[in-house]
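Take a look at the letters that make up each chain.
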Amino acid sequence: MRARLIHGLTSFSVDHPWLVIGLTLGMTIAFGLQLPKMTTDTDPKHMLPMTSPVRQYNDQVEREFGLHADNLVVGIVNERGVVNSRTLSHIADLTRQIQKIPGVVVRDVTSFPTIDNVAVEGGDLTVHPLLGEVPISDKDLDALRTALLENPLLRNRVISGDTKATAIYVPLEPSANGREIAGRIREMLPKSNSGDQFFLAGDPIARDTFGYEMFQQMALFSPIAGMVMCLALWLMFRSWSVVIANMAVAMISIICAMGLFIGLGFPVHIMSSMSPVFLMAIATDSVHIFNEFAFRYGEVNNKRRAVLETMAAVGRPVVLSDLTTAAGFASLATGSIVVPVRVFGLLVGFGTLVILLMSFTLVPAILILMRERRIAAVAKRECSRGGGGSPLLAKLGSFCVRRAKPVALAGCLLLVVAGVGLARIRVNNNMVHWFKSDSDIRIADRVLNQHLGGTSTGYVVVQGSGQNAMHEPEMLRTIESLQRELEKDPLVGKTHSVVDFVKRINRVLHNDDPAFDRVPDSAAEIAQYLFLFSMSAKPTDLNNVVDYPFQKANLMVQLKSWDAGVMQGVMDRANAHLKEHPLPGGATVRPAGIAYFNLVWNDEVLWGMVTSFMSGLVFVLVLLVIEMRSLRWGLLSFVPLLFTIAMIYGMVGLAGKDFDMPVAVLSTLSLGLAIDFAVHFVGRFQQHYATSSKLDDSLVWTVARPGKGIFRNAVLFALGFVVMVFAHLTPYITVGVLMAAIMLLSSISTVALLPALVRIFDKRLLKGRTT
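Residues numbered from 1 in each chain as written. Predicted model: local features only at pLDDT ≥ 70, side-chain atom pairs only at ≥ 80, totals over all residues. Heavy atoms only, no water.

A. Main features of the overall build of the chain. A tally of regular secondary structure across the chain gives 30 helices and nine strands. Sorting the 771 residues of the chain into buried and exposed places 59% on the buried side. Pairs at least 24 residues apart make up 80% of the contacts formed inside the chain by residues separated by at least 6 positions. When the accessible surface of the chain is summed, it comes to about 30500 Å², and 60% of that surface belongs to carbon and sulfur atoms. One finds the centroid of the 70 positive side-chain charges in the chain at a distance of 17 Å from the centroid of its 62 negative side-chain charges. (Helix = DSSP H or I, 4+ residues; strand = E, 2+ residues; numbered from the N terminus. Buried < 20%, exposed > 50% of the residue type's maximum accessible area, 1.4 Å probe, protein only. Contact = heavy atoms within 4.5 Å. Areas by Shrake-Rupley, 256 points an atom, 1.4 Å probe, with all protein chains shown as cover. Lys, Arg positive; Asp, Glu negative; His and termini not counted. Charge placed at Lys NZ, Arg CZ, Asp CG, Glu CD.)

Structure follows, in structure tokens:
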């Protein structure tokens, strides 16, 4: 059935090439009309579906405590100290200008001029701006410095312990673009060289900058990858028709896949932004067709017959490898809860099916339109290098057949080394590390984490059993003890909660006596303090840390790292502490915030993709067994994939590289891509052995002739990705290096290990038919 379908499609395309080209062009235009509708989305919260309990709870926490999902941090560092008249003037002017930027939540900008300072006047609690007029005298500056350092709500949050750094916290409206607002702020920064250094950090900047740069990078590297592959194809075949055919298949698949999903309303995320390079590389599978066509034409000297015989010979391996590749990508849609991962898997899976269709329609149509003289020249060059394929590969094949057991043993030893690396892999995600270490974003993040509480924020929400639970002294003291416990973690730079407000008010109302820097003993007193403060200060000061029924409190935790494991450490420490010192009245705690989202991404997304990868391995193995109609041949075809995956990710572990999002995506994608060569090798070997029955000769021929196509495909694939090592974003560099390594290692393991294993297990595989 499949053979008849392949023959029917090929015959139609050969007999009606211009009709096929016209239909293909019409389909491409129809999908291409959707491309201008493209939008982007890099918000990590949108990675989870709307129905996700984590996303719903986080949205609830933000509503209940008046929190903003997106916050920029403008850091000001001065090695002589920021409490000086010039720096304070810069801070005041910059704060006023920032408040005028559209998209900034003006009322909630936190800076020296907007912070409320609690004091007592005439026995009444009063709140004044911390920085009204900029102080000039040393006495006034010293007074401000003392007020900053003695206030636990401010220390390490808006002023560093050595007073060398401060920060302006800039909350953004939900629709605001962090990168654009950061650009506006940079234009406002003072140009005078006064010793002040300015740094911009925060999740919105990293996220929106990445969203912008990923398009810049793909707009640059996609055509570069295409040009490099075109040049390599021309050097391999010296035929522009072959180059045009290959690139046409790639571009059609890209336009159709992107057009379909953009037309369906899906925004482009980091993963789907990489799909053009993936599809361009997958399209190199047609090299097997060109490789065999050159040999066939040299043997039969008839263009139509050469096309039909070529498609008959490579048709089954092409179908199986493309279907396996599509299945590997599509498995992302079933193994992940993350919407962009699902979309990416389906997008590239659909594009791969388009490539499969083009392989049996457009490619034969272009081949039949090639001039006989040019085909003869290509065929002559191929045959002059060895009618049976590459002489060099023939020597390699002969060596692997003659030294089968040593080759297999070497493979086993390499697997042992890889196993050591696999045991060292650490699953972790850090969005800031998606930028190079010398980028402005990484530098700002590093400097602010060094001086202040931290650029990543997590919430530990305490929920009491009833209203006014947060008025109880025992509850507040337990929360305070939890804060002190969390602050023992060196990566926790700052915590603050409603407890800090209560203690501060208590001290101020008792003539700033340090002895009263504690939680009062009376619930009524605590309630009165909070009421007085809420009537005097900005509503958001208390809103962020306690709800109005006073049943819930928000313990805010600033972290000095975006690593997912840091928030996990916070939760582990909190749970261990509360086990020994439980909250009164059966109160509970639950995490939220961007740091927790990163942890969820790490646990549910990355570990989910690991699970999906393991399931995908089993799925691909079952598919191979079904297609090969043999458990033994299915297992044999599976070996290069297993070897390649183990070696690549073993090296990742040995190098100390985190198993992050790009690596996790590649683990699943490699299922379909790395199996491609083994499918071609086994399929062509079985065809040749069925006609010759000479095992060693058939193995050497397969390494030399189809193996040449395998290496050509691998080189083209690797070249398409290796150009990404020059990108500014580390995920693209990681993808470029690892995909190139996966393809090259997969091709080498296919032509080296498979001949050796077939020779070792020939009696079981061939049921005694060996000569």
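Resuming the write-up.
B. Examining the pairing of strand 8 (residues 552–559) more closely. For strand 8, the tally of buried residues reaches eight of eight residues, placing the bulk of the element in the interior. Burial along strand 8 is two-sided: the face carrying Lys552, Asn554, Met556 and Gln558 and the face carrying Ala553, Leu555, Val557 and Leu559 are both buried. Pairing of strand 6 (residues 456–463) with strand 8 involves eight bridges; the strand directions are antiparallel. Opposite Gln463, over in strand 8, you have Lys552 as the bridge partner. As paired elements, strand 7 (residues 492–496) and strand 8 share four bridges and run antiparallel to each other. If you follow Lys494 over to strand 8, its bridge partner there is Gln558. (Pairing = 2+ DSSP bridges.)

C. The sheet that holds strand 5 (residues 197–201), seen in detail. The strand order across the open sheet built from three strands is 4-1-5, with neighbouring strands paired in antiparallel fashion. Whereas interior strands pair on both sides, the edge strands pair on one side only; in this sheet they are strand 4 (165–171) and strand 5. The mean inter-strand angle of the sheet, taken between neighbouring strand axes irrespective of direction, is 20°. In this fold helix 4 (residues 85–98) packs onto strand 1 (71–77), strand 4 and strand 5, with an angle of close to 5° to the strand it touches most, strand 4. Most of the contacts of helix 7 (residues 203–237) go to strand 1, to which it runs at about 110°, and overall it touches strand 1 and strand 5. (Axes fitted to C-alpha atoms, helices over the stretch in contact; angles between N-to-C directions.)

D. Expanded view of the environment of Pro490. Tracing the chain through its elements places Pro490 in the loop between helix 19 (473–486) and strand 7. Each C-alpha atom of the pair Pro490 and Phe619 lies 44 Å from the other, and the pair is 129 residues apart in sequence.

E. Summary view of the pattern of salt bridges. Applying the stated criterion to the full structure yields 20 salt bridges. Salt-bridge contacts for Arg426 lead to Asp563; the nearest nitrogen and oxygen are separated by 3.9 Å. On the criterion of sequence distance, the pair formed by Arg426 in the loop between helix 17 (404–423) and helix 18 (440–451) and Asp563 in the loop between strand 8 and helix 23 (564–580) is long-range, its members being 137 residues apart. Residue Arg484 is joined to Glu487 by a salt bridge in which the shortest nitrogen-to-oxygen separation is 3.0 Å. Judged by relative accessible area, Glu487 falls into the partly exposed class, the value being 31%. Residues participating in the shared-partner salt-bridge network are Glu480, Arg484, Glu487 and Lys503. (Salt bridge = Lys/Arg side-chain N within 4 Å of Asp/Glu carboxyl O.)

F. Quick peek at a nonpolar patch on the surface. Residues Val417, Val420, Met651 and Leu654 make up a contiguous nonpolar surface patch of about 300 Å² in total accessible area. Looking at the nonpolar patch, the elements with two or more residues in it are helix 17 and helix 25 (631–654). Topologically, Met651 is positioned in helix 25. (Patch = residues over 30% accessible without salt bridge, like charges linked within 9 Å, V, L, I, M, F, W, Y side chains within 5 Å.)

G. Inspection of the packing of aromatic side chains at higher detail. All chains considered together, the criterion is met by ten aromatic pairs. Considering the side-chain rings of Phe210 and Trp434, the 5.1 Å spacing of their centres and the 55° angle between planes classify their relative orientation as tilted. Of the two residues, Phe210 sits in helix 7 while Trp434 sits in the loop between helix 17 and helix 18, which places them 224 residues apart along the sequence. On the numbers, 5.6 Å between centres and 15° between planes, the contact of Phe685 with Tyr689 is stacked. Here Phe685 pairs with Tyr689, and both are found in helix 26 (residues 661–692), just four residues apart, close to one helical turn. For Phe685, a relative accessible area of 1% gives the class buried. Accessibility expressed as a relative area gives 3% for Tyr689, which makes it buried. Ring pairs connect the aromatic residues Phe210, Trp434, Phe435 and Tyr732, which therefore count as one cluster. Above the face of the Tyr169 ring, Arg157 is positioned so that its terminal group lies 5.4 Å from the ring centre. (Phe/Tyr/Trp six-rings, centres within 6.5 Å; stacked < 30°, edge-to-face > 60°. Lys NZ or Arg CZ within 6 Å of the ring centre and 35° of its normal.)

H. Structural context of the packing of helix 7 against helix 10 (residues 275–282). In the contact formed by helix 7 and helix 10, the axes pass within 9 Å of each other and the chain directions differ by 10°. By the angle class used here, helix 7 and helix 10 are roughly parallel. Here helix 7 contributes Met218, Ser222, Ala225, Gly226 and Met229 to the contact with helix 10, which in turn contributes Pro276, Val277, Met280 and Ala281. (Parallel < 35°, antiparallel > 145°, perpendicular 65-115°, else oblique.)

I. How the structure looks around the side chain of Ser111. Here Ser111 shows up in the loop between helix 4 and strand 2 (116–121). At 2.8 Å, the side chain of Ser111 forms a polar contact with the side chain of Thr95. Among all residues touching Ser111, those that are not within four sequence positions of it are Ile91, Thr95, Ala167 and Ile168. (Polar contact = N/O pair within 3.5 Å; in protein donor to acceptor, adjacent residues only side chain to side chain.)

J. Spatial organisation of the sheet that holds strand 8. The antiparallel open sheet is built from four strands, whose spatial order is 7-8-6-9. The sheet is open, and its two borders are formed by strand 7 and strand 9 (588–592), each paired with just one other strand. Direction aside, the axes of adjacent strands within the sheet are offset by 25° on average. Contacts between helix 19 and the sheet are confined to strand 6, strand 7 and strand 8, with strand 8 contributing the most and set at about 10° to the helix.

K. Main features of the state of the cysteines. One pass over the full model with this rule turns up zero disulfides. There is no disulfide at Cys256, and the cysteine sulfur nearest it, in Cys230, is 18 Å away. Taking relative accessible area as the criterion, Cys256 reaches 0% and is therefore assigned buried. Cysteine Cys400 shares no disulfide, and the gap to the nearest cysteine sulfur, in Cys412, comes to 14 Å. Residue classification places Cys400 among the buried residues on the basis of a relative accessible area of 2%. (Disulfide = S-S within 2.5 Å.)

L. Geometry of the environment of Leu729. Relative to the helices and strands, Leu729 resides in the loop between helix 28 (706–722) and helix 29 (730–760). Between the alpha carbons of Leu729 and His433 there is a distance of 8.9 Å; along the sequence they are 296 residues apart. Apart from the residues lying within four places of it in its own chain, the contact partners of Leu729 are Phe210, Glu213, Met214, Gln217, Trp434 and Phe435.

M. Examining unusual backbone geometry more closely. With a phi close to 70°, Asn156 is a non-glycine residue in the positive phi region. Inspection of the secondary structure puts Asn156 in the loop between helix 5 (138–149) and strand 4. One non-glycine residue with positive phi stands out, namely Thr163, at about 60°. Its location among the elements puts Thr163 in the loop between helix 5 and strand 4.

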